[in-house]
Amino acid sequence: MCPNLKRMARVFSGIQPSGELHLGNLLGALVNWVDHQKSHDAVYCIVDLHALTLPKNPEELRKNSLELAQLLIAVGINPEESILFMQSHVPEHSQLAWLMECTVSFGELNRMTAFKDKSGRNEFISGGLFTYPALQAADILLYDTDLVPVGDDQRQHIEITRDIAERFNSRFGDTFVVPKHVIPPAGARIMDLQHPERKMSKSELSPAGTINVLETPESITKKIKRAVTDSDGDVRFDVEEKPGVSNLLSILAAATSSTPEKVASSYSRYGDLKSDTADAVIALLRPIQEKFRELESDPAETSRLLTLGSSKAREISSATLGRAMQNIGLLET
Ligand code: TRP
């Protein structure tokens, strides 16, 4: 069969507007998002409604949402070819979420480890934090999604989405495509520069250990120069014994499309490894920062692209929601 006649598999993924993007997000996840666009029909959603599950300052949420949209475009998500949109701009997400809440059981939601983690760490536990997976299931199922590329920490959320889809289909007839979880293969695991045994995370939690996508070259160089290594002086990729050096090798490899082992063989001194890693990161981020500044100076263009995204998203999601409402027995308008 001519491969062009086959529908391209659809990928769907979501990201919260939680403030800033760091090198770990970029090299671990977003490079895969960009890559998927070549061989898949890609749908990417900024999940601002999910962000509301924990208390947020309205001005910050608005700023972070806009900034994230611009960053995603700057790293290479193409809103003309793929679909990129804000979750809150597509009302079908909230509407299908209610049907999902009524399909999932209290017991299933109660077993989610992400809920246990987050509710343990926060004073105010919203109802939305508990039903978070129902909204996530709606996100995914609205687009007849085949593949969901997300990290291993999302495994339970994808499994519950599959369970909900299967249950709905068996109770009410074929309605949803049952999606599969794909753990991105090429995703580099980027660790904190000061605490290389833990993942790089938001910079307010670890300012010296995190490199922001919008960070200046001077600051990048300073942080990489100060990155924790070890005292044996040998450049080799060994995550257990040499977490700091291995992290630098992972960063340099990911930034130059190589592998840590290959990169390691060209170095004998930590100083050289550090200065080349800093240069590679600066070179990787420069075009992203330039594109971001360009979008930042033209808010009307960002808003045009997001409107395009939500209108393309609604074409698909409204059909799926209609099917679900019909099959579950709601009276047509
Ligand atoms: N829960 C995801 C996270 O925290 C974000 C998310 C929301 C998502 N809806 C999604 C991811 C749908 C993939 C598909 O990373």
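Model, not experiment: these values are computed from the prediction. (Residues numbered from 1 in each chain as written. Predicted model: local features only at pLDDT ≥ 70, side-chain atom pairs only at ≥ 80, totals over all residues. Heavy atoms only, no water.)

### Considering the packing of helix α9 (residues 217-225) against helix α12 (residues 270-296)
Interaxial distance between α9 and α12 falls to 9 Å at its minimum, and their mutual angle equals 150°. Regarding α9 and α12, the two cross each other, and that crossing is right-handed. Within the contact between the two elements, α9 uses Pro217, Ile220, Thr221, Ile224 and Lys225 and α12 uses Lys274, Ser275, Thr277, Ala278, Val281, Ile282 and Leu285. (Axes fitted to C-alpha atoms, helices over the stretch in contact; angles between N-to-C directions. Helix = DSSP H or I, 4+ residues; strand = E, 2+ residues; numbered from the N terminus. Left-handed = near helix turned anticlockwise from the far one by under 90°. Contact = heavy atoms within 4.5 Å.)

### Comments concerning the packing of aromatic side chains
To describe a pair of aromatic rings, one takes the distance between the centres and the angle between the planes. Inspection of every chain in the model, using the stated rule, returns seven aromatic pairs. An angle of 45° between the planes, with centres 5.7 Å apart, marks the rings of Phe85 and Tyr143 as tilted. One end of the pair, Phe85, is in strand β3 (residues 83-86); the other, Tyr143, is in the loop between α7 (127-141) and β4 (147-149), and 58 residues separate them in sequence. For the pair shown, Phe85 and Tyr143 are each scored as buried. (Phe/Tyr/Trp six-rings, centres within 6.5 Å; stacked < 30°, edge-to-face > 60°. Buried < 20%, exposed > 50% of the residue type's maximum accessible area, 1.4 Å probe, protein only.)

### A short note on the site of the ligand
In the region of the ligand, the neighbouring residues are Phe12, Ser13, Gly14, Val47, His50, Tyr132, Gln136, Asp139, Ile140, Val148, Val150 and Gln154. At a separation of 2.9 Å, a nitrogen atom of the ligand approaches a polar side-chain atom of Gln136. Between a nitrogen atom of the ligand and a side-chain N or O atom of Asp139, the distance comes to 2.7 Å. Its free accessible area being 370 Å², the ligand has 88% of it covered by the protein chains. For the shell around the ligand, the secondary structure elements donating two or more residues are β1 (10-15) and α7. If you tally residues by element for the shell around the ligand, the top one is α7, at four residues. Grouping the constituent residues of the shell around the ligand by class yields six nonpolar, five polar and one charged. (Near = heavy atom within 4 Å. Polar contact = N/O pair within 3.5 Å; in protein donor to acceptor, adjacent residues only side chain to side chain. Areas by Shrake-Rupley, 256 points an atom, 1.4 Å probe, with all protein chains shown as cover. Nonpolar A, V, L, I, M, F, W, Y, C, P; charged D, E, K, R; others polar.)

### Thoughts on the side chain of Lys312
You can see Lys312 is positioned in helix α13 (residues 299-328). It turns out Lys312 is buried and unbridged, and the closest side chain with the opposite charge, Glu80, is 6.3 Å from it. A distance of 3.0 Å separates a polar atom in the side chain of Lys312 from the backbone oxygen of Glu80. Once you skip the residues sitting within four places of it in the chain, Lys312 turns out to touch Pro79, Glu80, Glu81, Ser82 and Ile83. (Lys, Arg positive; Asp, Glu negative; His and termini not counted. Salt bridge = Lys/Arg side-chain N within 4 Å of Asp/Glu carboxyl O.)

### Here's the deal with unusual backbone geometry
Positive phi, close to 50°, is recorded for Asp144, a residue that is not glycine. For Asp144, the position within the fold is in the loop between α7 and β4. Even without a glycine there, the phi angle at Ser257 is positive, about 50°. Along the polypeptide, Ser257 turns up in the loop between α10 (243-255) and α11 (260-264).

### A short note on the environment of Glu301
Mapping Glu301 onto the fold places it in helix α13. Spatially, the C-alpha atoms of Glu301 and Lys202 are 28 Å apart, while their sequence positions differ by 99 residues.

### Examining the nonpolar core
Judged by nonpolar contacts, the single largest core of 55 residues is most densely connected at Leu23, Leu72 and Leu285. Excluding residues within four positions of it along the chain, Leu23 makes contact with Gly28, Ile190, Met200, Ile211, Val213, Ile251, Val281, Leu284 and Leu285. (Core = buried A, V, L, I, M, F, W, Y, C linked by side-chain atoms within 4.5 Å.)

### Structural notes on the packing of helix α1 (residues 23-39) against α12
Packed helices, taken two at a time, are described by the angle their axes make and the gap between the axes. The geometry of α1 relative to α12 is characterised by a closest axis approach of 12 Å and an angle of 80° between their N-to-C directions. Overall, the two elements α1 and α12 adopt an arrangement that is roughly perpendicular. Between α1 and α12, the contacting residues are Leu23, Leu26 and Leu27 on the first element and Val281, Leu284, Leu285 and Ile288 on the second. In the contact of α1 with α12, the residues fall into seven nonpolar, no polar and no charged. (Parallel < 35°, antiparallel > 145°, perpendicular 65-115°, else oblique.)

### A look at the domain arrangement of the chain
Examined at the domain level, the chain breaks down into domain 1 (10-187 + 299-328) and domain 2 (207-293). Put simply, the middle of domain 1 and the middle of domain 2, counted by C-alpha atoms, are 31 Å apart. Listed by partner, the interface residues are twelve residues for domain 1 and 13 residues for domain 2. Of the roughly 1,100 Å² buried at the junction of domain 1 and domain 2 (both faces included), carbon and sulfur atoms supply 81%. Considering only the surface of domain 1 that becomes buried against domain 2, Leu23, Leu27 and Ala74 emerge as the three largest contributors, covering 43% of it. At the junction of domain 1 and domain 2, the tally comes to zero salt bridges. Between domain 1 and domain 2 we count three residue pairs in polar contact (both at pLDDT 80 or more) in total. Elements that contribute at least two residues to the side of domain 1 that touches domain 2 include exactly α1 and α3 (58-75). No other element matches α3, which puts six residues into the side of domain 1 that touches domain 2. (Domains from an automatic or database assignment. Buried area = accessible area lost by both parts, 1.4 Å probe.)

### Quick word on the side chain of Glu67
Its location among the elements puts Glu67 in helix α3. Of the buried charged residues, Glu67 lacks a salt bridge, with Lys63 as the closest side chain of opposite charge at 4.0 Å. Not counting residues within four places of it along the chain, the set of residues in contact with Glu67 comprises Gly19, Leu214 and Phe292.

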